[in-house]
Amino acid sequence: MPVEHLAAAAGSERIAALLERDGCCVVDRLVDPALLRGLQAELEPHLAATPLGQDTFSGRRTRRTGGLIARSPIARELVQQPLVLEAVRATLKGATNFQLHLTQVIAIGPDEPAQPIHRDQWAFDFFPFPKGYEVQCNTLWAMGDFREENGATRVIPGSHRFEDRLSFKESDTEPAEMAAGSVLFYTGALYHGGGANRSREVRYGLNLTYTRAWLRQEENQYLAVPHATARELPLPLLRLMGYARGAYALGYVDDLRDPIDVLRPGAGEAGLGDFGRGERRARRPRSPSS
Ligand SMILES: O=C(O)CCC(=O)C(=O)O
Ligand SMILES: [Fe+2]
């Protein structure tokens, strides 16, 4: 079954519905490809300096460049893309708040074989989360066209409902082909992997992922972004990076202080901050009869 594509005008509800049904979908041309070319230009010195991967999972002909909040103003914009945030919120049902999990340009070089098919949520020490309970919602933006030949991500639509710890062959998967500026959404439970690059060009993808705020982030935003830089960033972005309590109590500082108060004295609030408000209202205790 091929990956379903939606138009950029599709709402977050439609995306979340497809993520629930298939575990993945593509939104075509959500941004102007020129924006992603701009991102690539901003990151050029870092992309050139990034070492190749050291194992088959990272890819020995693949470069993974992170720290994008520190390094690229366009990445700051893209991690906060409103439709993406709405779709993430709708997918991570019941989450009091969610956070950025990692920021990474994945540059798959020519002759890279296919990455092993996996679930991203295996990063959480293979904890068997209940079926249908998504802890992670991911985006992979096509910086150039994603074609089967140049290493488009391989996915198995519907596999977010499969048993855990399965292995697959390339022939079990579909390439998530898409034009530059498009974005592949997929959940932490979807079986997928980077495609083999049988072309002469590098395949550039921008991976921006999000998790429930009670889990540990893959990329450590507190150390990846120098505090002098972080102090200048807008509050909603800092909240998304993890300068917030996860749910009610996780990650507070000393005397139950809001972590944002450390960066920006006086900016903190007693409670969850921007990303928790609506959810907190929705989660007020109800009487047993209601
Ligand atoms: O680069 C891709 O297409 C996917 C990479 C991936 O799934 C991963 O590194 O976890
Ligand atoms: Fe992955």
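To be clear, the structure that these remarks concern was listed above.
Residues numbered from 1 in each chain as written. Chains lettered and ligands numbered in written order. Predicted model: local features only at pLDDT ≥ 70, side-chain atom pairs only at ≥ 80, totals over all residues. Heavy atoms only, no water.

## Some thoughts on the coordination of the iron ion (ligand 2)
Consideration 1: Donor atoms from the polypeptide that bind the iron ion (ligand 2) are His118 (NE2), Asp120 (OD) and His192 (NE2), placed at 2.1 to 2.2 Å.
Consideration 2: Of note, the iron ion (ligand 2) draws all its donor residues from one chain, in the sequence arrangement H-x1-D-x71-H.
Consideration 3: By relative accessible area, which is 6% here, His118 ends up buried.
Consideration 4: Its relative accessible area of 14% is what places Asp120 among the buried residues. (Donors = N, O, S within 2.8 Å, 3.2 Å for Na, K, Ca; no water. Buried < 20%, exposed > 50% of the residue type's maximum accessible area, 1.4 Å probe, protein only.)

## Points about the sheet that holds strand β9 (residues 192-193)
Consideration 1: One open sheet accounts for three strands, arranged β7-β6-β9; its pairing is antiparallel. Edge positions in the sheet fall to β7 (174-175) and β9, since each of these pairs with one other strand and no more.
Consideration 2: Across two bridges, the pairing between strand β6 (residues 154-155) and β9 is antiparallel. Following the sheet pairing, Arg154 is matched in β9 by Gly193. (Pairing = 2+ DSSP bridges. Helix = DSSP H or I, 4+ residues; strand = E, 2+ residues; numbered from the N terminus.)

## Description of the pattern of salt bridges
Pairs may arise between side chains of opposite charge once their charged atoms sit close together.
Consideration 1: Summed over all chains, the structure comprises 14 salt bridges.
Consideration 2: Here Asp164 and Arg119 are joined by a salt bridge, their closest N and O atoms 2.9 Å apart. One end of the pair, Asp164, is in the loop between β6 and β7; the other, Arg119, is in the loop between β4 (98-108) and β5 (136-142), with 45 residues separating them in the sequence.
Consideration 3: The buried category is assigned to Arg119, whose relative accessible area is 5%.
Consideration 4: Between Lys131 and Glu163 there is a salt bridge, with the nearest N and O atoms lying 2.7 Å from each other. Taken together, the residues span a long stretch of sequence, with Lys131 in the loop between β4 and β5 and Glu163 in the loop between β6 and β7 at a distance of 32 residues.
Consideration 5: By sharing partners, the salt bridges in this structure join Glu148, Arg154, Glu170 and Arg198 into a single network. (Salt bridge = Lys/Arg side-chain N within 4 Å of Asp/Glu carboxyl O.)

## As for the nonpolar core
Consideration 1: Ranked by size, the top nonpolar core spans 47 residues in total, and within it Ile15, Trp141, Phe185, Leu206, Tyr210 and Met241 carry the most contacts.
Consideration 2: Discounting residues that sit within four places of it in the chain, Ile15 has contacts with Leu6, Cys25, Val27, Leu83, Ala87 and Phe185.
Consideration 3: Among the nonpolar cores identified, the runner-up in size contains 13 residues, and Val3, Ala152, Leu184 and Tyr186 belong to it. (Core = buried A, V, L, I, M, F, W, Y, C linked by side-chain atoms within 4.5 Å. Contact = heavy atoms within 4.5 Å.)

## Describing the sheet that holds β5
Consideration 1: One open sheet accounts for seven strands, arranged β1-β2-β8-β5-β10-β4-β3; its pairing is mixed. Edge strands, defined here as strands with exactly one partner in the open sheet, are β1 (5-6) and β3 (62-65).
Consideration 2: Relative to strand β10 (residues 203-212), β5 runs antiparallel, the two being bridged by seven bridges. Residue pairing for β10: Ala142 is matched across the bridge by Gly205.
Consideration 3: Across the sheet, helix α1 (residues 12-22) touches β1, β2 (24-27), β5 and β8 (183-187), and the angle it forms with β2 is around 145°.
Consideration 4: Taken strand by strand, helix α5 (residues 82-91) contacts β4, β5, β8 and β10, and its axis lies near 150° from that of β5. (Axes fitted to C-alpha atoms, helices over the stretch in contact; angles between N-to-C directions.)

## Let's talk about the pairing of β10
Consideration 1: Burial of β10 is extensive: nine of the ten residues sit out of reach of the surface.
Consideration 2: Relative to β10, β4 runs antiparallel, the two being bridged by ten bridges. Along β10, the bridge assignment pairs Gln99 with Thr211.

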